[in-house]
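Read off the chains here:
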Amino acid sequence: MSTLLEIKSSVLRQVQVCPSFRRRTEEEPASGSADPLEPTAGAWKPGDGVEFFSQMRLILKKGEGRQGLPCPEVLLCSSSPAPAEPVDPSRGLRTLSQEEVDMLYEEALYTVLHRAGTMGPDQVDDDEALLSYLQQVFGTSPEEHAAAVERVKKAKAPTYALKVSVVRAKNLLAKDPNGFSDPYCMLGILPASGTVREPSPHKEQRFSFRKGSKRGGPLPAKCIQVTEVKSSTLNPVWKEHFLFEIEDVGTDQLHLDIWDHDDDVSLVEACRKLNEVIGLKGVSRYFKQIVKSARANGTAGPTEDHTDDFLGCLNIPVREVPVAGEDRWFKLEPRSSASRVQGDCQLVLKLITTQRDTNMSQRGRSGFLSYLLLLSRLLQFEHRAEEPNSSSWRGELSGPAATVLCLHGAQSNLSALQLAVLHWQVSSRHHQTRTLDYGYLLGLLEDLQAHWEEAGSLPQEQEEGLADSFSAFSEFGLQLLRQLRDYFPATNSTAVYRLELLLKCLGKLQLFQPSFEICPFETELNMDIAAALKRGNREWFDKLLNTQSPREQPGPQRLAGLVKLADTIYEDLQSCYGIYASLFHSIIKVDFFTLTFRQLERLVAEEAWVLTEELSPKMTLEVASGLFELYLTLADIQRFWSSIPGRDSRSLALAGIHAPFLPAVKLWLQVLRDQTKWRLQGAVDVDTLEPMDASSKHSSSAATASLCFSHIQELWACLAWPDPIQAQTLGTQLSQDLCEAALFYTELLRKKVDAQPGAAGEAVSEPLCVVLNDVELLRKAAGQALRGLAWPEGAAGLEGTLPRPLLSCTQALDEDLQREARTVTAHLTSKMVGDVRKYVQHVSLSPDSIQNDEAVAPLLKYLDEKLALLNASLVKENLSRVLEALWELLLQAILQALGANRDVSADFYGRFHFTLEALVNFFHAEGQGLPLESLRDGSYKRLEEELRLHQCSTRECIEQYYLDKLKQRSLEHNRFGRLSVRCHYEAAEQRLAVEVLHAADLLPLDANGLSDPFVIVELGPPHLFPLVRSQRTQVKSRTLHPVYDELFYFSVPAEACRRRGACVLFTVMDHDWLSTNDFAGEAALGLGSIGGVARPQVGGSARVGQPVTLHLRRPRAQVRSALRMLEGRPNKEAQEFVKRLRELEKYMEADP
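No experiment lies behind these values; they were computed from the predicted model shown.

Cut-offs applied
- Residues numbered from 1 in each chain as written.
- Predicted model: local features only at pLDDT ≥ 70, side-chain atom pairs only at ≥ 80, totals over all residues.
- Heavy atoms only, no water.
- Helix = DSSP H or I, 4+ residues; strand = E, 2+ residues; numbered from the N terminus.
- Contact = heavy atoms within 4.5 Å.
- Areas by Shrake-Rupley, 256 points an atom, 1.4 Å probe, with all protein chains shown as cover.
- Core = buried A, V, L, I, M, F, W, Y, C linked by side-chain atoms within 4.5 Å.
- Buried < 20%, exposed > 50% of the residue type's maximum accessible area, 1.4 Å probe, protein only.
- Axes fitted to C-alpha atoms, helices over the stretch in contact; angles between N-to-C directions.
- Left-handed = near helix turned anticlockwise from the far one by under 90°.
- Nonpolar A, V, L, I, M, F, W, Y, C, P; charged D, E, K, R; others polar.
- Pairing = 2+ DSSP bridges.
- Expected span 1.5 Å × (residues − 1).
- Bend = angle between axes of the 7 residues up to and from the residue.
- Polar contact = N/O pair within 3.5 Å; in protein donor to acceptor, adjacent residues only side chain to side chain.
- pLDDT = per-residue confidence, 0-100.
- 1 Å grid on protein atoms, 1.4 Å probe; cavity = no way out; pocket = protein on both sides within 12 Å on 5 of 7 lines; lining within 4 Å.
- Points joined across faces, edges and corners; volume = space filled by probe spheres on them.
- Disulfide = S-S within 2.5 Å.
- Phe/Tyr/Trp six-rings, centres within 6.5 Å; stacked < 30°, edge-to-face > 60°.
- Lys NZ or Arg CZ within 6 Å of the ring centre and 35° of its normal.
- Salt bridge = Lys/Arg side-chain N within 4 Å of Asp/Glu carboxyl O.
- Parallel < 35°, antiparallel > 145°, perpendicular 65-115°, else oblique.

To continue, consider the overall build of the protein chain. Helix and strand counts for the protein chain come out as 36 helices and 16 strands. Long-range contacts, defined here as pairs at least 24 residues apart, represent 78% of the contacts in the protein chain between residues at least 6 apart. When the accessible surface of the protein chain is split by element, carbon and sulfur atoms take 50% of a total near 54,000 Å².

A separate point is the nonpolar core. Trp424, Leu448, Leu481, Phe584, Leu634, Leu672 and Phe923 are the most contacted members of the largest nonpolar core, which totals 221 residues. With 16 residues, helix α19 (residues 555-588) is the largest single contributor of residues to this core. With near-sequence residues (within four places) excluded, Leu634 lies in contact with Ala566, Val604, Ala608, Leu654, Ile657 and Phe661. Judged by nonpolar contacts, the second largest core, of 35 residues, contains Leu1003, Val1052, Ala1062 and Ala1080.

Another point: the packing of helix α15 (residues 460-482) against helix α17 (residues 493-512). For the pair α15 and α17, the least separation of the axes is 11 Å and the interaxial angle reads 140°. Crossing of α15 against α17: the hand is left-handed. Along the contact surface, α15 presents Phe470, Phe473, Ser474, Gly477, Leu480 and Leu481, while α17 presents Leu499, Leu502, Leu503, Cys505, Leu506, Leu509 and Phe512. By residue class, the composition of the contact of α15 with α17 is 11 nonpolar, 2 polar and no charged.

This part takes up the sheet that holds strand β1 (residues 159-170). Strand order in the open sheet made by the 4 strands is β4-β1-β8-β7, with antiparallel pairing throughout. Of all strands in the sheet, those with a lone pairing partner are β4 (237-246) and β7 (326-331), marking the two edges. When the angles between neighbouring strand axes are averaged without regard to direction, this sheet yields 25°. The pairing of β7 with strand β8 (residues 344-355) spans 6 bridges and is classified as antiparallel. Following the sheet pairing, Trp329 is matched in β8 by Gln346.

On to helix α28 (residues 852-873), then. Taking 1.5 Å per residue as the helical rise, α28 with its 22 residues ought to reach 32 Å, and the 32 Å between its terminal C-alpha atoms agrees with that figure. Of all the bends in α28, the greatest measures close to 35° and is centred on Pro858. Among the residues making up α28, those that are buried are Ala855, Val856, Leu859, Tyr862, Leu863, Lys866, Leu867 and Leu870.

So, on to the sheet that holds strand β13 (residues 1043-1051). Reading across from one edge, β13-β10-β9-β16 is the order of the 4 strands in this open sheet, with antiparallel pairing throughout. Two strands bound the open sheet, and with one partner strand each, they are β13 and β16 (1108-1111). Here the average twist between neighbouring strands, direction ignored, is 30°.

Residue position: His984 is located in strand β9 (residues 978-986). Sequence separation of His984 and Glu995 is 11 residues, and the distance between their C-alpha atoms is 8.9 Å. Within the structure, the side chain of His984 is placed 3.4 Å from the side chain of Glu986, a separation counted as a polar contact.

The next thing to look at is the pairing of β9. Within β9, 7 of the 9 residues are buried, which leaves the element mostly enclosed by the surrounding structure. Of the pairings in the sheet, the one linking β9 to strand β10 (residues 991-1000) comprises 9 bridges and is antiparallel in character. By the bridge assignment for β10, Arg978 is matched with Ala1000. Once β9 ends, the chain turns through 4 residues before running back antiparallel as β10, passing Gln990 with a positive phi of about 50°. Relative to β16, β9 is paired through 4 bridges, and the arrangement is antiparallel. Bridge pairing in β16 links Val981 to Val1108.

Next up on the list: the side chain of Thr233. You can see Thr233 is positioned in the loop between β3 (222-226) and β4. On the basis of relative accessible area, Thr233 is assigned to the buried category, the value being 17%. Once residues within four sequence positions are removed from consideration, Thr233 is found in contact with Phe180, Ser181 and Pro183.

What follows deals with the confidence of the model for the protein chain. Counting all residues, the mean pLDDT for the protein chain is 80, and 80% of those residues have values of 70 or more. Throughout residues 1-19 the model reports pLDDT below 50, and contacts reaching past four residues in sequence, or to other chains, amount to 36 contacts. Confidence drops under a pLDDT of 50 for residues 1148-1152, and excluding neighbours within four residues, the segment shows 7 contacts in the predicted structure.

Once that is clear, we can look at the layout of surface pockets. Volume-wise, the second largest pocket comes out at about 890 Å³. What lines the second largest pocket is a set of 30 residues, among which Val348, Lys350, Leu414, Ser415 and Ala416 lie closest to the centre. Broken down by secondary-structure element, the contributors of at least two residues to the lining of the second largest pocket are β1, β4, β7, β8, α12 (399-411), α13 (416-431) and α14 (438-455). Looking at the lining of the second largest pocket element by element, the count peaks at 6 residues for α12. A class-by-class count of the residues in the lining of the second largest pocket yields 15 nonpolar, 10 polar and 5 charged.

The topology assignment puts Asp260 in strand β5 (residues 253-260). Separated by 76 residues in sequence, Asp260 and Tyr184 place their C-alpha atoms 6.6 Å apart. Contacts of Asp260, omitting those with residues within four sequence positions, involve Lys175, Asp176, Ser181, Asp182, Pro183, Tyr184, Asp309 and Leu311. Polar side-chain contacts of Asp260 include one of 2.6 Å to the backbone nitrogen of Asp182.

The next point concerns α12. The first and last C-alpha atoms of α12 sit 18 Å apart over 13 residues, in line with the 18 Å expected at 1.5 Å per residue. Most of α12 sits out of view: 11 of its 13 residues are buried. All buried positions along α12 are accounted for by Pro400, Ala401, Thr403, Val404, Leu405, Cys406, Leu407, His408, Gly409, Ala410 and Gln411. Of the surrounding elements, those touching the buried residues of α12 are α5 (98-113), α6 (127-138), β8, α11 (367-384) and α13.

For the rest of this paragraph, the subject is the state of the cysteines. One pass over the full model with this rule turns up 0 disulfides. Here Cys185 is not disulfide-linked; the sulfur of Cys345 is the nearest cysteine sulfur, at 5.1 Å. Among the residues examined, Cys185 registers a relative accessible area of 0% and is labelled buried.

In this structure, Pro1021 follows Gly1020 across a cis peptide bond, with omega equal to 0°. If you trace the backbone, Pro1021 turns up in the loop between β11 (1013-1020) and β12 (1031-1032). For Leu689, which is not glycine, the phi torsion reads 55° and is therefore positive. Overall, the relative accessible area of 1% leaves Leu689 in the buried class.

The next thing to look at is the packing of aromatic side chains. Taken as a whole and assessed by the stated rule, the structure comprises 24 aromatic pairs. With 5.2 Å between their ring centres and 55° between their planes, Trp887 and Phe923 make a pair best called tilted. On the criterion of sequence distance, the pair formed by Trp887 in helix α29 (residues 876-900) and Phe923 in helix α30 (residues 906-924) is long-range, its members being 36 residues apart. Directly above the aromatic system of Phe310 lies the positively charged group of Arg335, at a separation of 5.1 Å from the ring centroid.

A word on the pattern of salt bridges. Following the criterion strictly, the structure yields 34 salt bridges and no others. One salt bridge in this structure joins Arg57 and Glu714, with 3.5 Å as the shortest N-O distance. Remark: Glu714 occurs in helix α23 (residues 700-719) and Arg57 occurs in helix α3 (residues 50-64); sequence separation between them is 657 residues. A relative accessible area of 29% means that Arg57 is categorised as partly exposed. Take Glu714: its relative accessible area is 27%, and that puts it in the partly exposed class. Of the charged contacts, one joins Glu228 and Lys230 as a salt bridge, the two residues approaching to 3.7 Å between their closest N and O atoms. Salt bridges linked by common partners bring Glu776, Arg779, Asp814 and Arg881 together as one network.

Direction vectors running N to C along α5 and α12 enclose 85°, while the axes themselves pass 9 Å from each other. Classified by the angle between their axes, α5 and α12 sit roughly perpendicular to one another. From α5, Glu107, Thr111 and Val112 reach across to α12, where they touch Val404, Leu407, His408 and Gln411.

Once that is clear, we can look at the pairing of strand β6 (residues 310-317). Taken across its 8 residues, β6 has 7 buried, putting it largely inside the fold. Where β5 lies against β6, 7 bridges are found, and the strand directions are antiparallel. Across the sheet, Leu254 pairs through a bridge with Ile316, a residue of β6.

Right, dumping it as C-alpha cells:
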C-alpha cells in the first residue's frame, strides 16, 4: 500500500473508476499477503492501538485550542498579583551629605514656623504636630530637634508678599446710557496703621480709594495698582497680575475697587503720580484730579464723591488667604449702605515669601531645588511605611507631609507647572528604586501635561532636569518591555493592566517631544520601543532554545524539544494578538503583533529547516512521529497568520516548509493505517455485541470505530497539506486506507456474530440487530470522515464538491456497507421466512365462512410482536431496511400462495386483496412506517395486478390485455420505428375508415440491411368485433421507410367503438419468401378518441382528421401478465384468444 503514495496519475485513474472495495479485495486474493485486510505487524508496536490513538488525541487536542482567533477573556485566566519589577537604588536621586540634610531639615522647620495664611480642612493646623513629623522624617533626637527649632526661631522672619491675579468680573451694573459700563479695578494693601475708624452710627461707610479726606495723616493705601479699562461690557476679562509687599500678615488687608471710567484721562498715569505723593494734602489733590476725570450721572456733592460711577469693592484680610492660595469668585460689596452694587469678581490670591533667612537660601539654593529634595525625603519616608513588596502604592501622603509640602511650595512661589514637574521627577525616580502604581505616575504626567499647555515653558535648568527624568524613565520602561513576558505575562490580568498604564506613561512622554527645546530622546520613542521589543523577542527565543532544544544535542533528542518550542511560540503569538497587540497599537502606534510574528516565525523556521535536513537520512518511526507533530504546529502558525484579515502567508519564512516533512508524513500515515486496524481488532475482541447502554443501540466496538474515523478526519483537517498535487496523493491513500479499515471492521463483526451460538427458535436475534446497528453507525461515520478528507483541487475544482477520486471512494464504500447492511438484514429476516409462509398459508386455507379480518388477524399479530422487538433493537434506518425486506418477503409469500392455488373462487382472491391492503396499512402505520410510494411499487404492482385479474371474467381479462397495450409507451422511440395513420368513423355508412400512410426507421430484418415490410390492421378485443376480419397492406420491398397510402374499411357500429378497450392494432411484419415472416413492431390506437366516434362527423363519408404518428414497440411484461392469466382459464374463449396470440409470438422469437 505504501507504494501507492508515489503513484499520481495512475492512482487517480484507478480511483475515478473505483470498484467496490469488497469486490476488489475478493478479486485480488494473491496480492501482498494471504489476507490483505489484516494489519501489518511490525510497522509499530502491534498492541491494540490504544496508546497510539491516545497520543494522537493529545495532538488533536492541541489543535482544538487553535481554532479561530484568540479571545482576550480566555487568555486572561489569572488575577493574582503581578510579578515584581526590578529595582535599582542607584537610579534614584543622589544621596545627600549630612550638611545638606541639616540644611534641608532647617528649611523644613523654617517653613512650618513661619507659615502664614489659613489652613485648609485637610491640612494639619498644629505646629507641634508638623514639627514632630519632621523630626521623624529626618530621624533627629529630641535634643537635636529642640536645638534646631530654637535656631530657626531666632532667625529673621521672611518677607511676605501677596500675589494677586485679577481675572474677570461678571454681572456688573450698567452705568452708561448705552446699557454698559467701562469697568477697571484699583487695588492695593491697607496697612494696619490705615485701619478705618469706627463708622458713624448714622451711616455705614467703607473705605474707598476715591473717598477724599480733609485731615492730614498717613497714606491710607500703599502701592495702589490699576487695571486696564474694558470698554462697553458688564463682564470684563482682565487677567492681570500684581505683587504687593506685606508688612503685617495678621492685620494687612487687600482692598479692591471697581469703577466705571467716563473720560479720556489716563488712570494709570494718575495712579502712578498718586503713589509718588507723601502726605494727605497731596493725596487729596490727586484724588480730586481722579474724581474729576469721571463723569457723574447726577449732581456732585460737596465732597465731590461721585457714587453713581462706583461699581463695587472688596476687602480681603491677608491672614484669610489660604496657605495653598485660592482661585475664587468674590461677591462685590457696597462702600456704604446707600450704594447699590451687583456682580462678582474672580481673583487668584497666593501668599509667598521673597526673602528667607535659611542656609539654603543664603547659598543660592532655589526654592525649586529645596522642594525637590524635601519631596524626595518625604516620599521615601511615606513609602517605607507601606508593604515591603507593595507595587500598588499611589503616592498617598499623610496629612503632615502634604501640609509641609503645601507650605513650602506656596512660600517658594512655585507655579502649578513647577509643582507638577517636581512631583513627576521625584516620583519617577523613586519608582525605579521602589515600585509605584503606574496609574499614579500616569496621573502625574496628565497633570504635568495640563499645566504645560497652560504655561508652556520652564527655566532652562528645570527643563533639562525634566528631560533627564523623561530619559531615565523611558530607559527603565524599555528595559521592562524587553522582558515583557516575565514582568507582564498575558495570562495575568493585573500585570496586563500595569502594562497598559506603563504604555500610556510612555505615550505621554511622546507628546512632550515637540515641546522641548532640549529633546530628551535621540530618536522617536516608538522606534526605541520597537527596537526594545525586537531585542526582547530574540533574547526570549534564545533562552527557550537553549533550555528546550540545545543545538549541541543529537537531532532525535532536539526534535522533542523543538516541538515544545514551537508550541510555546504559538501560544505566545496568541497572547501577542489577543492581549498585547491592541495595547501597543492603540497607545503608542507600534504594530507589536506583526513585529513579533515575523521575527519568531523566521527564527523557528530556521531551526525547523536545519533539523529536518539533519533527520531526513535517519528517518525512523519515532522521528517521523516527532516531525509530524512539529509540522502540525508549524502549519498552525501559518494558518494563524492567514486567518487575520489582510495577511498573506506566502511571504513567510514558513512558506514551503511542508516539503521536507513529506517523507515523515507518508511514513506516519502508514503507521496510522496499521494502528487503526489493530485498534479495531482489539475493540471487536472485547465486544459482547450488546448495546453500550440504554440510550444507544450499537455496541462498544462501533463507538470505537466511529471515534477512530473522527480522529482521522480531524487529523487531516489539522494537516491541511498546502501542495494540491501532494495533498491529492496523500488524501487518496488515506481515503483508501480508511475504506479498507471500515471493511476490515465489518469482516470482524461478521466473524464475531457467526461464532456466537444462536438461541433455538429465536426469530429476532439481538446480536444481529446490534451488528446491523454497528454497520449503520460505521457507514455514517466513515462517510462523514471521507467527506472531511477533501483536498484543494486548484482553480479547476468546484467549491463545496468532493474531488472525483474521493467521491468515487465514498460512493464505493457506501455501496459496500449498504450491501453489508442488506446481507445482515436478509440474515435477520431469513429467520422469519417459515413463520411468514405459515401465516400466509393460514390465510389461503381459511374457509369462506370466516371473515377476512379474522383470517388475516394471526399474521398481523405475529408481525406486530416481531416488529415491536425490532423497533426496540434497531435504529430508524435499519428498522426501515428490515421493514422493506419483510414487506418483500410477504409479497413473495402471497405470490407463491396464489401460484399454488389455481381455479379457485373469486372470494379467494378477494380475501388476499383484503390481506394486501391490511398489510399496506400495517406497514405504513399512519406515516410512521414505510412510505406508501415504496409499499405500492415493485412486487406489489405485480401482485395487485394478478389479484385484480383473477377477479375479472375472461372477456374483462381480454379487454385488460388491450387496455395495457394502449397504456404502453415506447421508451426508445427511435428503436423500432414510426407508423403514420389516419382514422375516422363514417356514421352514415356505419363503418370505420383506417388509412395507413407510411412508416419510417423500421428495423432491418433481412441480411441486406433492409426489410420487406407490410402492416396488419385488426380491431380488438375480438368479442366486441366478432365478425370483423383483419386486413393487410401490400408488401414494400427492400426499404425501411415504406409508403403505403392504403385505405381500409371496417363495418362496425359506433357503440362497439366506444366500448372499454376498443382499439385498432397495427402490426408491422417483415415478409420472407422462404421462411416465416418476422415481427417488426406493433402500435395500438384507441377508437374512443377518433373523429366520428367521440362526436358525430359532418360531411358524410369524407375523410377527416389529422394524421397520427405511432411509435412501434414490443409487448411488455404488464401486457403478458394478462396473457398468463388467460392461459390459466379453461374456457374456450380464453384458450382460443391465447392460441391466436401464441401464433403471433412465434414471429417475435427473432427479437433483435
